[in-house]
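Secondary and tertiary structure notes
Below are the chains, spelled out letter by letter.
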Amino acid sequence: SVLKLGDQITPNKLELSTMENIRDVMVHGDAQTKEVHVLFNSKLMGDVNIDLFDMTGRKVFERKCSKLSEKFEEQLVFPQKEGMYIARISLGGAVFTSKFIMH
């Protein structure tokens, strides 16, 4: 699956109405440890899909997790080189897209 630059970067109406359901999002990449940390708060519970894309829009990682409390924290092993990536986090119809840097 390919995420083209410009696609899904601007929120659609569903995302605008549900974006406040995903707050305080932090995505941090560390190229030395090959890890990406994803943290956010949300009252929504259930399956969380985390998709990571390179800047060409190619999906380079995907993970499905369960969210059982208000605070969500996940550590991903992400063996990509340094550079800029896009994280797409979806939970219960809410979608949050964020750029992050592996450094």
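One structure accompanies this document, and this report is about it. Note that the structure is a prediction, hence the values are computed from the model and not measured.

**Quick word on the overall build of the chain**
Counting secondary structure elements, the chain contains one helix and seven strands. Its helices and strands in sequence order give the chain the pattern α-β-β-β-β-β-β-β, from N to C terminus. The proportion of buried residues among the 103 residues of the chain is 38%. Counting only contacts in the chain whose residues sit at least 6 apart along the sequence, the fraction spanning at least 24 positions is 53%. Counting only carbon and sulfur atoms, one obtains 52% of the accessible surface of the chain, whose full area is about 6100 Å².

**Observations regarding the pattern of salt bridges**
Pairing of side chains with opposite charge becomes possible as their charged atoms draw close. Tallied over the entire structure, the rule returns five salt bridges. R88 is the partner of D51 in a salt bridge, and the nearest nitrogen-oxygen pair spans 3.1 Å. Taken as a pair, D51 in strand 3 (residues 46-54) and R88 in strand 6 (residues 83-91) lie far apart in primary sequence, 37 residues in all. By relative accessible area, D51 is classed as buried at 10%. One salt bridge connects E62 with K59, and the closest N-O pair in it is separated by 3.3 Å. Residue classification places E62 among the exposed positions, given a relative accessible area of 54%. Judged by relative accessible area, K59 falls into the partly exposed class, the value being 24%.

**Observations regarding the side chain of S42**
Inspection of the secondary structure puts S42 in the loop between strand 2 (35-41) and strand 3. Exposure remark for S42: the relative accessible area of 0% places this residue in the buried category. Within the structure, the side chain of S42 is placed 3.0 Å from the backbone nitrogen of L44, a separation counted as a polar contact.

**A word on the packing of aromatic side chains**
Summed over all chains, the structure comprises five aromatic pairs. Every member of this aromatic cluster is reached through a ring pair, and the members are F61, F78, Y85 and F100.

What counts and what doesn't
- Residues numbered from 1 in each chain as written.
- Predicted model: local features only at pLDDT ≥ 70, side-chain atom pairs only at ≥ 80, totals over all residues.
- Heavy atoms only, no water.
- Helix = DSSP H or I, 4+ residues; strand = E, 2+ residues; numbered from the N terminus.
- Buried < 20%, exposed > 50% of the residue type's maximum accessible area, 1.4 Å probe, protein only.
- Contact = heavy atoms within 4.5 Å.
- Areas by Shrake-Rupley, 256 points an atom, 1.4 Å probe, with all protein chains shown as cover.
- Salt bridge = Lys/Arg side-chain N within 4 Å of Asp/Glu carboxyl O.
- Polar contact = N/O pair within 3.5 Å; in protein donor to acceptor, adjacent residues only side chain to side chain.
- Phe/Tyr/Trp six-rings, centres within 6.5 Å; stacked < 30°, edge-to-face > 60°.

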